[in-house]
Amino acid sequence: MITPCMPTQTVTEAFEAAVGKWTTCDWATEFGCLNLNLKGLRSPQLERLAFATRGEESQEWRNAADWVRIVEDAAAKAQELATLAHEASLRNEHSHSRQLIQQACEIEAVWHRELIWQPLCQAISVCSHG
């Protein structure tokens, strides 16, 4: 018999509080030989800067765009997994939900010390053990 998750509201609140918060590099950087600060910049912006400049500076912006695209892809994958975890939790698929949110946190942990998805992970853990 499937036991319904009592703190469904807590899981949903944790999900809604985190969704969309991490989409790109959201910390100060000193990227490349020009020590570029990429905080808050998106890869299309960086590509435009590469196009608008020449020589070494242009190459640095191009490299920065490539690196930020990796961060953006990681953020998108973590959010996708968190969304699936939230949905699985609402369907009382506790084990699957826990696995998904743990994967999201593992991806995010490569980039962040304080995980945006950690509160959802905790809420799902309480739900699945409660």
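Since we're looking at a predicted model, the values are computed, not measured.

As a further point, take the environment of Val19. One can find Val19 in the loop between helix H1 (8-18) and helix H2 (43-52). Counting along the chain gives 59 residues from Val19 to Ala78, while the straight-line C-alpha distance between them is 10.0 Å. Here Val19 is in contact with Gln79 and Trp117, once residues within four sequence places are set aside.

Turning next to helix H3 (residues 55-90). The end-to-end C-alpha separation of H3 is 53 Å, in line with the 52 Å expected for 36 residues at 1.5 Å each. Immediately beyond the C-terminal end of H3, within one or two residues, lies Asn92, with a positive phi of roughly 65°.

All told, the structure shown has five aromatic pairs when counted by the stated rule. Taking 5.8 Å as the distance between ring centres and 70° as the angle between the ring planes, the aromatic pair formed by Trp67 and Trp111 counts as edge-to-face. With a gap of 44 residues between them, Trp67 in helix H3 and Trp111 in the loop between helix H4 (94-109) and helix H5 (118-129) connect regions that are remote in the sequence. Looking at Trp67, the relative accessible area reads 24%, which means it is partly exposed. Three or more aromatic residues link up through ring pairs in this structure, and these residues are Trp27, Phe31, Trp67 and Trp111.

What counts and what doesn't
Residues numbered from 1 in each chain as written. Predicted model: local features only at pLDDT ≥ 70, side-chain atom pairs only at ≥ 80, totals over all residues. Heavy atoms only, no water. Helix = DSSP H or I, 4+ residues; strand = E, 2+ residues; numbered from the N terminus. Contact = heavy atoms within 4.5 Å. Expected span 1.5 Å × (residues − 1). Phe/Tyr/Trp six-rings, centres within 6.5 Å; stacked < 30°, edge-to-face > 60°. Buried < 20%, exposed > 50% of the residue type's maximum accessible area, 1.4 Å probe, protein only.

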